[in-house]
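Structural overview for review
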Amino acid sequence: MFAFILRRLLQAVIVMVTVAFLAFMLFQYVGDPVVFLLGQDARPEQITALRADLGLDQPFFVQFGHFLLNAVQGEFGLSLRQGAKVSRLIAERFPATLELALVAALMALLIGVPMGVYAALRRGSFMSQLLMTVSLLGVSLPTFLIGILLILFFSVGLGWFPSFGRGEVVQLGGWSSGLLTAEGWHHIILPAVTLAIFQLTLIMRLVRAEMLEVLRTDYIRFARARGLSKRAIHFGHALKNTLVPVMTLTGLQLGGLIAFAIITETVFQWPGMGLLFIQAVTFADIPVMAAYLCLIALIFVVINLVVDLLYFAVDPRLRGASAGGH
């Protein structure tokens, strides 16, 4: 286990250094931060002085070393658009994005897994065919269109849910949460459903495919021959083995929900990191873009490490292979 974790940590470090290098290249080739800070009418001596203060007159790899050191400490400088620390802006927006992603992932799991199991066990029924048709729509429709349709129907037409904002939040130290208020839950429903639909359909189709594959295996036939009940076979044996690849997909999709909530947050004006990133791209706010890229990479690396460890704990074949030195 220790060697397994060590290898994963080494891979994680390599990935993060690579992503940090790509983020650092934004400072080199996507505009000049000095010009953004001082404006086009700045005098040459002002530009030279500010470049020296920011360390931009130093060699490339010296600048990259400083960038890495600051990134490890969570510092990415000042936002060129807002003039505030990027770390503070990210800290203010991260709770909203994380809560939205977690609620969407929970919806996708709690609905997608039972739907997939039902579609596999009743694969010839009308309801199973209907679920597969609906899943195709969920995969095919773009997220922004789903969000707009939900707003049109549930906000404009019925007036059941608000169409923008996060609602009332509660401050818990440095963390803000909308999940502790009724208004917060009222605001998060539509964006969470919008974000969850694509993941839900993926999980449903994966569970169905894996369930059908497992039900054809020899040990399931043997379990039937022993006279075990259908409930014990389907949920005690088949579903347990089906959830191993689903666990991997869910972990990776959680990172995807956090990283690619940009469109949903823009449609619903959700005050999260995705909306902050869109605004940063619009105004070429390079420090915010670099911080967002590094943070998303870190989230994916951590989630991959956790998923690998869960795989190692759940699948005895991996432990056997590790013990055997393979």
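The structure under discussion appears in the preceding block.
Computed from a predicted structure; not experimentally measured.

Let us look at the overall build of the protein chain. Within the protein chain, the secondary structure is distributed over 14 helices and two strands. Looking at the protein chain as a whole, 40% of its 326 residues qualify as buried. For the protein chain, long-range pairs separated by at least 24 residues make up 71% of all intrachain contacts whose partners lie at least 6 apart in sequence. Approximately 17,600 Å² of the protein chain is accessible, and the part contributed by carbon and sulfur atoms is 69%.

Let's shift gears to the pattern of salt bridges. Enumeration according to the criterion identifies three salt bridges in this entry. Between Glu 75 and Lys 85 there is a salt bridge, and its shortest N-O distance comes to 3.8 Å. Within this pair, whereas Glu 75 is found in the loop between helix 4 (60–72) and helix 5 (86–121), its partner Lys 85 is found in the loop between helix 4 and helix 5, the two being separated by 10 residues in sequence. The partly exposed category is assigned to Lys 85, whose relative accessible area is 44%. Residues Glu 99 and Arg 166 are paired through a salt bridge, measuring 3.1 Å at the closest nitrogen-oxygen approach. On the criterion of sequence distance, the pair formed by Glu 99 in helix 5 and Arg 166 in the loop between helix 7 (143–157) and strand 1 (170–172) is long-range, its members being 67 residues apart.

Criteria and thresholds
- Residues numbered from 1 in each chain as written.
- Predicted model: local features only at pLDDT ≥ 70, side-chain atom pairs only at ≥ 80, totals over all residues.
- Heavy atoms only, no water.
- Helix = DSSP H or I, 4+ residues; strand = E, 2+ residues; numbered from the N terminus.
- Buried < 20%, exposed > 50% of the residue type's maximum accessible area, 1.4 Å probe, protein only.
- Contact = heavy atoms within 4.5 Å.
- Areas by Shrake-Rupley, 256 points an atom, 1.4 Å probe, with all protein chains shown as cover.
- Salt bridge = Lys/Arg side-chain N within 4 Å of Asp/Glu carboxyl O.

Shape descriptors only; they carry no functional weight alone.
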